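The primary structure of each chain is shown beneath.
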Amino acid sequence: MSGPLPAPPAAGTFSRRSLLLATLAGTALVSTGCTGSSGDVTDAVTPAQVDRLAVQVRVQEEVVAGYDQALSSAPDLVTALTPLAAQALAQLDRLRAAAPGDTGTTAAATSGTAAPTDPAEARVWLRGVVAASAAAHAEACPEFTGGRAALLGSIAAGLRGQDGLLA
Amino acid sequence: MADGTSSPSTSPTATDMSAEDAALQDALAAVHAAIWGYGVVGAALPPESRDAVVACELAYLDLRDQLVALLSARQVEPVADEPGHTLPFPVLSPVDAAALAVVLEEGASATWTWVLDQASERSTRVLAVAALSAAELRAVDWRALAGRTPPTSAFPGLPQA
């Protein structure tokens, strides 16, 4: 027995640098025309990426709205869904912080049908919303680099886990 | 191994690729640890739970092969498995086994988010986000078995805010 288990050696560096950049970039890059004047190309965003991040914020707003709808339509699910809804909201907050120029003022609403009132059906409906959002974030993730890629990938994975739990 | 789909306006430099390769090596080390660790997990679970363990082991064996092939194609020597590992706690019951599986999956997730952070190649990020999602899906099942509430994580692989 010799090696420690497990050993994610880079996690400390990760939190110190990239996540801070991802979080702070929302304000820093707006004033520099989103060209990464900080000199760190890894965390620079193009105008197209700014638009894509705004799309992902809307996607996450739909998840949050989906939980709100499911909880109001089927109160029997409150115990099961409240912690997941809180996680979805935390994801939205962090995504907004990483999205240059996002004001966070857009009203959240699901674009599809309303949540069913039957708890089992509401759960299935919500699962569809969560799964679609997980797939959208996973598809967007590789289009970014640095902290934003990590954040989008992590949120996609988190929603994928919720999808599995709701199954 | 540039795939021509890296950052939108730049080509990856040698330094970029070196950072990506180093992150992939971390991921491979975590994969080696997971393959070893699932042997311990399986030994502590009742026979009826072994199918889940085998599925996890197979997923990591496949990842190991992918990473070894990827690094070798770049003329990078893949890290070898440690001759042995130290358990983070005694594994004496099925709940302990599930908790160890959570440690394995969360350790792997941390390395995959690091790969996402460091990768200059788009294809590497595609691999990483798929691996990260799969790890979290497995982690949810193991957290539930270990009695964790909620069994999901808002930010798999990222440090706690």
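Residues numbered from 1 in each chain as written. Chains lettered and ligands numbered in written order. Predicted model: local features only at pLDDT ≥ 70, side-chain atom pairs only at ≥ 80, totals over all residues. Heavy atoms only, no water.

**Student:** Summarise the packing of aromatic side chains; cite the residues concerned and give the values.
**Tutor:** Here a ring pair, both rings aromatic, is described through the centre-centre distance and the interplanar angle of the planes. Taken as a whole and assessed by the stated rule, the structure comprises 2 aromatic pairs over all chains. Each member of the aromatic cluster is reached from another via a ring pair, and the members are Y38(B), Y60(B) and W142(B). Just above the ring of F155(B) sits the side chain of R94(A); from NZ or CZ to the centre is 4.3 Å. (Phe/Tyr/Trp six-rings, centres within 6.5 Å; stacked < 30°, edge-to-face > 60°. Lys NZ or Arg CZ within 6 Å of the ring centre and 35° of its normal.)

**Student:** Let's hear about helix α4 (residues 122-145) of chain B: which residues, and what values?
**Tutor:** Between its first and last C-alpha atoms α4(B) spans 35 Å; for 24 residues at 1.5 Å apiece the expected length is 34 Å, and the two agree. Phi for G147(B), located one or two positions after α4(B), is positive at around 85 degrees. (Helix = DSSP H or I, 4+ residues; strand = E, 2+ residues; numbered from the N terminus. Expected span 1.5 Å × (residues − 1).)

**Student:** Could you give me a rundown of the side chain of Q162(A), with the residues and numbers involved?
**Tutor:** Relative to the helices and strands, Q162(A) is located in helix α6 (residues 146-166). A relative accessible area of 0% places Q162(A) in the buried class. Not counting residues within four places of it along the chain, the set of residues in contact with Q162(A) comprises Y67(A), L84(A), Q87(A), A88(A), V130(A) and T152(B). (Buried < 20%, exposed > 50% of the residue type's maximum accessible area, 1.4 Å probe, protein only. Contact = heavy atoms within 4.5 Å.)

**Student:** Explain helix α2 (residues 50-73) of chain B to me, using residue names and the numbers behind them.
**Tutor:** In an α-helix, one full turn covers 3.6 residues, which means residues spaced three or four apart are oriented alike. Residues and elements named next belong to chain B. For α2, with 24 residues, the first-to-last C-alpha span of 35 Å sits near the 34 Å given by 1.5 Å per residue. Buried residues belonging to α2 abut α1 (14-44), α3 (94-118) and α4. Where α2 terminates, the next one or two residues include Q75, which has phi positive at roughly 65 degrees.

**Student:** Please give an account of the confidence of the model for chain A that cites residues and values.
**Tutor:** Close inspection of predicted coordinates is inappropriate for parts of the model with low pLDDT. Here chain A averages 78 in pLDDT, and 68% of its residues register 70 or above. Considering only residues more than four positions removed or in separate chains, one finds that residues 6-42 of chain A, a stretch of pLDDT under 50, has 63 contacts. (pLDDT = per-residue confidence, 0-100.)

**Student:** Run through the nonpolar core, naming residues and quoting values.
**Tutor:** Y67(A), Y38(B), V41(B), W112(B) and W142(B) are the most contacted members of the largest nonpolar core, which totals 77 residues. Where this core is concerned, the elements lending two or more residues are α3 (47-73), α4 (78-98), α5 (119-140) and α6 of chain A together with α1, α2, α3 and α4 of chain B. The element that contributes the greatest number of residues to this core is α3(B), accounting for 11 residues. Setting aside anything within four residues of it in sequence, one finds V41(B) in contact with V53(B), A97(B), L100(B), A101(B), L104(B) and W142(B). (Core = buried A, V, L, I, M, F, W, Y, C linked by side-chain atoms within 4.5 Å.)

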